[in-house]
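Inside the fold
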Amino acid sequence: MIKILRGFITAIIASSLLITSYAQAEPGDYNFWTTLKHLFDPPNANAPVTSEQAQGMYPLTMDDPNFNDDFDPGDFNTWQKIDVPANSGAMCGNGSPYKFFVYRVPDTSNTIFYFEGGGACWDYESCSGQAGIRGARNPNGIPDDYLSNVHLLDFTNFDNLTTAGVSPLIYTHHPYNQFKTGEWNMVYVPYCTGDIYVGDKTEIYEDSSGQSPDLIWHHNGLRNVQAVTSWVKNNLQKPKQMLAAGCSAGSVGALLNYTKLREDMNVDHGYLIDDSGPLYQAPLDSNNTSEYPSLPLHNEVLHSWTTYTKGGDPNEENPINAIKAFTPGFDSNELASIYAALSNKFPSDRLGITHFLADGNFSSYSYERFYEDIYNDPNADSRLSKLRQRWQKDTHENLIPLLNQTSNWGYYFPMFRNLNESHCTTIIDLHYGEIAEHGLELKDFLNNIVNHNGGSMVRAYETDEVSDFENNSNWFYDLIGLFM
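Residues numbered from 1 in each chain as written. Predicted model: local features only at pLDDT ≥ 70, side-chain atom pairs only at ≥ 80, totals over all residues. Heavy atoms only, no water.

1. Some remarks on the sheet that holds strand β11 (residues 459-461)
Our working rule: One requirement defines pairing of two strands: DSSP has to find at least two bridges between them. Put simply, DSSP marks the helices as runs of H or I at least four residues long and the strands as runs of E at least two long, and each gets a number from the N terminus on. Here the axes come from fitting lines to C-alpha atoms, over the contacting stretch only for helices, and the angles between their N-to-C directions go from 0 to 180 degrees.
The sheet built from nine strands is open, its strands ordered β1-β2-β4-β3-β7-β8-β9-β10-β11 with mixed pairing. The open sheet is flanked by β1 (79-83) and β11, the only strands paired with a single partner. Averaged over all pairs of adjacent strands, the angle between strand axes in this sheet comes to 20°, irrespective of strand direction. With seven bridges joining them, strand β7 (residues 241-247) and strand β8 (residues 269-275) adopt parallel strand pairing.

Here you go:
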């Protein structure tokens, strides 16, 4: 009876919305009668995994009708937990079962894949959770109710506020900053492997204090993404429009998984939003850390998260060889070559990257543990200044020139927001992300990227280093800051 009542209410809501918004319908949107039909007869998958896609390096998984994934096809407009079979290769870093979450709607096939952010790890402290916010998210696995009670204005429960579930990109009916992808089908890809979704290596990390047993950790991110993609293809309709997005580690995951995800989903219109997870130019065969500040980080994570070795067997199944095989033009010696490679492979797609130039979070992961002048500096303000200097050098000298050489990468780099260490432009809301000198708001950039009509790309960065620090917060940010 509850299901019937929910369906009836959903039908009324969907009908009223469709009648008022049909003139703004986009590719992938269903008409009124099709939407009404879906409420009583949910559409089946129309592009399931093929036998060919289930072969080769990092294959997809064909549907197993005997596995109970806990999905209800007719349960629209609510987050559902999706279990995946162990034979897909998916698991969290601690070996627990991997799971993800889907929010299904009846009125469009358009879909956003949102990769959760949350740090990275490559030693005992950061993978076990001892490193706190500078470690990796969810070291103990994913709870079943992970997204069940996310609500930006629910002041009685802040447990899940630190998930990206409060981003306007995926927060359906955001109270004051709605973005259109929040009304699409949404696939929330949780983060529990500490490897920006591209790891495929099991490591044994020792407790340097000798007080705890060794930590066996599965950097399994790439196989987890393949399990998610497989399930979506086997259970939902193929989208007309698809956005891959994320914040922080999630944005690097969206970037490095985009080729495979885009090809497997085979959509008409593909979009990518890389929020605060840049890959800066840093040739692995160089030792010039003055010119390439991100070089130590790139070397560290490739060693910890993959079995790739320079000059090794190009047919070995590892993440770097896979990206190279799937993305012509990607140079395994230069991770930042992914920008030009994606642009050349998908010239009609709209690709965008954004971050704050005063980011104090991702910059810390990038440099603090690798440079003694930062790590050993006892003054917090001085450390932050040194982080920002390297971050801005990397942005202006080792990123923007690469993007400018492409035809379909947009970029948007405001200066500062007094929230979450000025990290991630698209979490909580879209406020204080303006670049006043260009007359731009953050939403202008997002609308420019997620736009099936095409057009020139927005490319802008802020040079004003004063105004953002004078007025860039409010009481709501201060309250949220207590829980982040």
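2. With respect to empty space enclosed by the protein
Here the idea is plain: a probe the size of a water molecule rolls over the atoms and shows the empty space left. Keep this limit in mind: Buriedness for pockets is judged along seven lines, at least five of which must meet protein on both sides within 12 Å for an open set on the 1 Å grid over protein atoms alone, while cavities are sets there where a 1.4 Å probe fits but cannot get out, and lining residues have an atom within 4 Å of a point. Grid points are joined across faces, edges and corners, and a volume is the space filled by probe spheres set on the points. Classification convention: Asp, Glu, Lys, Arg as charged; Ala, Val, Leu, Ile, Met, Phe, Trp, Tyr, Cys, Pro as nonpolar; all other residues, Gly among them, as polar.
Under the counting rule described, the total for this entry stands at five cavities of 30 Å³ or more. Put simply, the largest cavity is a space of about 340 Å³. Taken together, 27 residues form the lining of the largest cavity, with Ile 196, Val 252, Leu 279, Val 301 and Trp 305 sitting closest to its centre. Among the secondary structure elements, those contributing two or more residues to the lining of the largest cavity are α5 (249-265), α6 (295-305), α7 (319-326) and α9 (362-368). Residues of the lining of the largest cavity, tallied by class, amount to 21 nonpolar, six polar and no charged.

3. As for the pairing of β8
Two faces belong to every sheet, and in a regular strand the side chains alternate between them. Test applied: Per-residue accessibility, obtained with a 1.4 Å probe over protein chains only, is compared with the maximum for each type, and a residue is labelled buried under 20%, exposed over 50%, and partly exposed between these values. A crossover gets the label right-handed when its path from the first strand over the helix to the second runs clockwise, viewed with the strands pointing away from the viewer.
Burial within β8 is extensive, with six of its seven residues counted as buried. Crossover connection from β7 via α5 to parallel β8: handedness right-handed. With five bridges joining them, β8 and strand β9 (residues 350-354) adopt parallel strand pairing. Paired with Asp 274 across the strands is Ile 353, a residue of β9.

4. Digging into the pattern of salt bridges
To be explicit about the condition: One side-chain nitrogen of Lys or Arg within 4 Å of one carboxyl oxygen of Asp or Glu is enough to make a salt bridge.
Enumeration over the complete set of coordinates arrives at 19 salt bridges. One salt bridge connects Asp 41 with Lys 37, and the closest N-O pair in it is separated by 3.1 Å. Given a relative accessible area of 42%, Asp 41 falls into the partly exposed group. Between Lys 393 and Glu 397 there is a salt bridge whose closest N-O contact spans 2.7 Å. Taken together, the residues Lys 393 and Glu 397, both in helix α11 (residues 380-398) and four residues apart, mark about one turn of the helix.

5. Digging into the state of the cysteines
Definition in use: Disulfide assignment relies on a single distance test, namely cysteine sulfur atoms paired within 2.5 Å.
A full pass over the atoms with the stated rule returns three disulfides. One disulfide in the model links Cys 92 with Cys 192; its S-S distance is 2.2 Å. Disulfide Cys 92 to Cys 192: torsion about the S-S bond roughly -85°, handedness left-handed. Linking Cys 92 in the loop between β1 and β2 (99-103) with Cys 192 in the loop between β4 (185-189) and β5 (201-205), this pair joins segments that are 100 residues apart in sequence. Given the relative accessible area of 0%, Cys 92 is considered buried. The residue that forms a disulfide with Cys 121 is Cys 127, at a sulfur-sulfur distance of 2.1 Å. A torsion of 90° about the S-S bond marks the disulfide between Cys 121 and Cys 127 as right-handed.

6. Observations regarding the packing of aromatic side chains
The criterion, for reference: Paired rings are identified among Phe, Tyr and Trp, the last through its six-membered ring, by centres lying within 6.5 Å, and are further divided according to the angle between planes into stacked (under 30 degrees), edge-to-face (over 60) and tilted (the rest).
On inspection of all chains with the given rule, the structure shows 19 aromatic pairs. Relative to Trp 33, the ring of Phe 32 has its centre 4.6 Å away and its plane inclined at 80°; by these criteria the two rings are edge-to-face. You can call Phe 32 partly exposed: its relative accessible area is 24%. Their ring planes at 80° and their centres at 6.2 Å tell us that Trp 79 and Tyr 188 sit as a pair that is edge-to-face. Here Trp 79 is found in strand β1, whereas its partner Tyr 188 is found in strand β4, with 109 residues between them in sequence. Among the aromatic residues, ring-to-ring pairing joins Trp 79, Tyr 103, Tyr 114 and Tyr 188 into one connected group.

7. Concerning the environment of Cys 92
In plain terms, the rule: Residues are treated as being in contact if the distance between any of their heavy atoms lies within 4.5 Å.
Expressed as a C-alpha distance, the spacing of Cys 92 and Gly 141, which sit 49 residues apart in the sequence, is 5.8 Å. Residue contacts for Cys 92: discarding those within four places in its chain leaves Pro 97, Tyr 98, Gly 141, Ile 142, Cys 192, Thr 193 and His 218.

8. Some words on unusual backbone geometry
A positive phi angle is found at Asn 138, which is not glycine, with a value near 55°. Relative to the assigned elements, Asn 138 resides in the loop between α3 (124-128) and β4. Classification of Asn 138 as buried rests on a relative accessible area of 15%. Phi is positive for Ile 428, which is not a glycine, with a value near 65°.

9. Digging into the packing of α5 against helix α8 (residues 338-345)
Rule in force here: Between 65 and 115 degrees an angle is taken as roughly perpendicular, under 35 as roughly parallel, over 145 as roughly antiparallel, and anywhere else as oblique. Crossings are sorted by hand: turned counterclockwise from the far helix by less than a right angle, the near helix makes the crossing left-handed, and turned clockwise it makes it right-handed.
Relative to each other, α5 and α8 sit at 20°, their axes nearing to 10 Å. When the interaxial angle is binned, α5 and α8 end up roughly parallel. The two elements α5 and α8 meet at a crossing, and its hand is left-handed. Listed contacts from α8 to Leu 255, Leu 256, Tyr 258, Thr 259 and Glu 263 of α5 are Ile 338, Tyr 339, Leu 342 and Lys 345. Here the residues of the contact of α5 with α8 are counted per class, giving six nonpolar, one polar and two charged.

10. Focus on the pairing of strand β10 (residues 409-413)
For β10, a buried count of five out of five residues is recorded, marking the element as mostly surrounded by other parts of the structure. Side chains Trp 409, Tyr 411 and Phe 413 project from β10 onto one buried face, and the interleaved Gly 410 and Tyr 412 project onto a second face that is buried too. Inspection of the sheet shows β9 paired to β10 by four bridges, in the parallel sense. Pairing of Gly 352 across the sheet is with Gly 410, part of β10. Note: β10 against β11, three bridges, orientation parallel. By the bridge assignment, Phe 413 is partnered in β11 with Tyr 461. Taking the sense of rotation as the criterion, the β-α-β connection linking β10, helix α13 (residues 442-449) and β11 turns out left-handed.

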